[in-house]
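Topology and contacts: notes
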Amino acid sequence: MNKPVESAGIVSLDLWIGGRRQRAGASRHGNVTNPATGAVIRRVPFCNAADVDAAVGAAAAALPEWSATPLLRRARVMQKFLQLLQAHQQELARLVTEEHGKTLPDAMGSVQRGIEVVEFACGIPHLLKGEHSENVGSGVDCHTVRQPVGVCAGITPFNFPVMVPLWMFPVAIACGNTFILKPSEKVPSASMRMAELFKEAGLPDGVFNVVHGDREAVEAILAHPGIHAVSFVGSTPIARHIYETCAKSGKRVQALGGAKNHAVVLPDADLEFAADALIGAAYGSAGERCMAISAVVAVGAAGDPLVALLKKKAQSLVIGPGEKEGVDMGPLVTAQHRDKVAGYVDQGVKEGAELVLDGRGARVPGYEGGHFLGTTLFDRVTPAMKIYQDEIFGPVLSVLRANSLEDAIALVNRNPYANGTALFTESGGAARRFENEIQVGMVGINVPIPVPVAFYSFGGWKGSLFGDLHVHGMEGIKFYTRTKVITTRWPHQDTPAPGLNMPTL
């Protein structure tokens, strides 16, 4: 699949441009490591502006024919791509585990959620149907069509190497656009494999392209006049920069930023059920999820028994390499990120939070070079603490206390992030109030990670989203298309000619 680097004895990734692998023109490269061992397993090129320009050229050349391709033919390509993704799901999941570190069952689940977006995109003939009104005036009809935006680009994070790209490019391509994907340089291989599968499905050359790199490649994408729309998932500071940069140059942009997701637990909740759900939501994928629950708001009498349950369950999790059977939580993606998360644990202790469970110093026999950090649990955290204010993006769960549901809602609403939140309760009235008053984009009731199914749209509010439209679902269709309104009249001989005044119908 990859070409060897003779000097290092490890494989080096190419780019995917114009329907085939191409070597990058850039001379800079980065290392891809296996998080479970710390070993370098691949090298990835860091593209420059010329590499990005080559991808844009291929995408622009393919756009006229692909955008004119009948919807049913586009749908058939998507259906074949769907079948190939399903057939190669385990292969893709293994690439995710190898480069990101998450457990294989977790990787399989994330690939499945991406595949579901392709299933949604297969319905593009129906999804692109416009509106029609007959005889809006004397002999005048009005209808709408949705047309592709043009060349689109996606910049995706390290934590979901398959799922997040699949949130973007299948919908964009089904709508008639061409696409350039810049995956995270930490986890590049799955994107290349998906490009191969898409070509096998019959996608014309140039419709889908993959470039690699760091900030230089990102800035080249943002600055290129031939790119008309940009999708991004990542941290809030970068999301803001991408949004502002694209807006200045007239590009359409959706930039999903960071999160500090809260779960509110009321005293009437089934605490055993809630604790099980929170353990999975906090420590699954080692907390490297934008929808991970990182802050629990325990209301009233729920606090002490909930913390005791969380401690007991978190201690029982098995930490190890993601490909090993029976492992609950794998390593963090890089040593640098592990050390950053461990630094937050240090900070929490200094700030006076109660360290209930300390994951620093976790060791996995036989994997001493891996980027492991154990489950960490804080209690008595306050909103003034940095461990609450920042998105830690690791296996660190903070418990805050509140006296009432009203206080808990106010606490959540004061947070600058608003991606996802959850409420655990057996009260329908409390749930209804929470749904109505909470200022967060995705809400779960006794559901810890309320990621919508593919035919709904994913995205938060406030500092978690820059732009007007969320990803996939109908908002994804709207983002990757432009609406054109057409008014028609076919005059007869007795129809009055247009006049000089403002027309009325």
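All of these numbers come straight from a predicted model, not from anything done at the bench.

1. Digging into the overall build of the protein chain
If you tally the helices and strands in the protein chain, you get 16 helices and 24 strands. On C-alpha atoms alone, the protein chain measures out to a radius of gyration of 25 Å, which is about the 23 Å that the 2.2 N^0.38 rule sets for 505 residues. Based on the C-alpha atoms only, the size of the protein chain along its principal axes is roughly 85 × 65 × 40 Å. When the 505 residues of the protein chain are sorted by exposure, 57% land in the buried category. Sequence-distant contacts in the protein chain: of pairs separated by 6 or more residues, those separated by 24 or more amount to 72%. For the protein chain, the exposed surface amounts to about 20,700 Å²; the carbon and sulfur share of it is 51%.

2. So, the packing of helix α8 (residues 215–223) against helix α9 (residues 236–248)
At a minimum axis distance of 10 Å, the contact between α8 and α9 shows a crossing angle of 30 degrees. In this view, α8 runs roughly parallel relative to α9, as classed from their interaxial angle. Along its contact with α8, which presents Arg215, Val218, Glu219 and Leu222, the element α9 presents His241, Ile242, Thr245 and Cys246. Its residues assigned to classes, the contact of α8 with α9 shows four nonpolar, two polar and two charged.

3. As for the packing of helix α4 (residues 104–121) against helix α6 (residues 163–174)
For the pair α4 and α6, interaxial distance at closest approach is 8 Å and the crossing angle is 10 degrees. Relative to α6, the element α4 is oriented roughly parallel. Across the interface between the two elements, Ser110, Arg113, Gly114, Ile115, Val117, Val118, Phe120 and Ala121 from α4 touch Met163, Leu166, Trp167, Pro170, Val171 and Ala174 from α6. Residue composition of the contact of α4 with α6, grouped by class: 11 nonpolar, two polar and one charged.

4. So, the packing of aromatic side chains
Under the definition given, this model contains 13 aromatic pairs. Among the aromatic side chains, those forming a connected cluster through ring pairs are Phe81, Phe169, Phe179, Phe198 and Phe208. One residue, Lys102, lies across the ring of Phe160, its end atom 3.7 Å from the ring centre.

5. Focus: a nonpolar patch on the surface
Residues Val453, Phe455 and Tyr456 make up a contiguous nonpolar surface patch of roughly 340 Å² in combined accessible area. Positionally, Phe455 belongs in the loop between β21 (442–445) and β22 (461–462). For Phe455, a relative accessible area of 55% corresponds to the exposed category.

6. Section: the environment of Ile10
Within the secondary structure, Ile10 is located in strand β2 (residues 10–12). C-alpha separation for the pair Ile10 and Val381, spaced 371 residues apart in sequence, amounts to 45 Å.

7. Describing the layout of surface pockets
Sizing a probe to match a water molecule and rolling it over the atoms shows the empty space that remains. The volume enclosed by the largest pocket comes to roughly 1,100 Å³. In terms of lining residues, the largest pocket is bounded by 39 residues, among which Phe158, Phe232, Gly234, Ser235 and Ile238 are the most central. Elements with a minimum of two residues in the lining of the largest pocket: α6, α8, β12 (229–233), α9 and α12 (335–351). Residue composition of the lining of the largest pocket, grouped by class: 16 nonpolar, 14 polar and nine charged.

8. Some points on the pairing of strand β13 (residues 252–256)
The two faces of the sheet receive side chains in turn, since in a regular strand these alternate between them. Most of β13 is tucked away: four of the five residues are buried. Between β12 and its parallel partner β13, the chain crosses via α9, and the hand of that crossover is right-handed. Pairing between β13 and strand β23 (residues 465–466): two bridges, direction antiparallel. Paired with Ala255 across the two strands is Phe466, which belongs to β23.

Cut-off values and rules
Residues numbered from 1 in each chain as written. Predicted model: local features only at pLDDT ≥ 70, side-chain atom pairs only at ≥ 80, totals over all residues. Heavy atoms only, no water. Helix = DSSP H or I, 4+ residues; strand = E, 2+ residues; numbered from the N terminus. Rg over C-alpha atoms; globule rule 2.2 N^0.38 Å. Buried < 20%, exposed > 50% of the residue type's maximum accessible area, 1.4 Å probe, protein only. Contact = heavy atoms within 4.5 Å. Areas by Shrake-Rupley, 256 points an atom, 1.4 Å probe, with all protein chains shown as cover. Axes fitted to C-alpha atoms, helices over the stretch in contact; angles between N-to-C directions. Parallel < 35°, antiparallel > 145°, perpendicular 65-115°, else oblique. Nonpolar A, V, L, I, M, F, W, Y, C, P; charged D, E, K, R; others polar. Phe/Tyr/Trp six-rings, centres within 6.5 Å; stacked < 30°, edge-to-face > 60°. Lys NZ or Arg CZ within 6 Å of the ring centre and 35° of its normal. Patch = residues over 30% accessible without salt bridge, like charges linked within 9 Å, V, L, I, M, F, W, Y side chains within 5 Å. Salt bridge = Lys/Arg side-chain N within 4 Å of Asp/Glu carboxyl O. 1 Å grid on protein atoms, 1.4 Å probe; cavity = no way out; pocket = protein on both sides within 12 Å on 5 of 7 lines; lining within 4 Å. Points joined across faces, edges and corners; volume = space filled by probe spheres on them. Right-handed = clockwise from strand over helix to strand, strands pointing away. Pairing = 2+ DSSP bridges.

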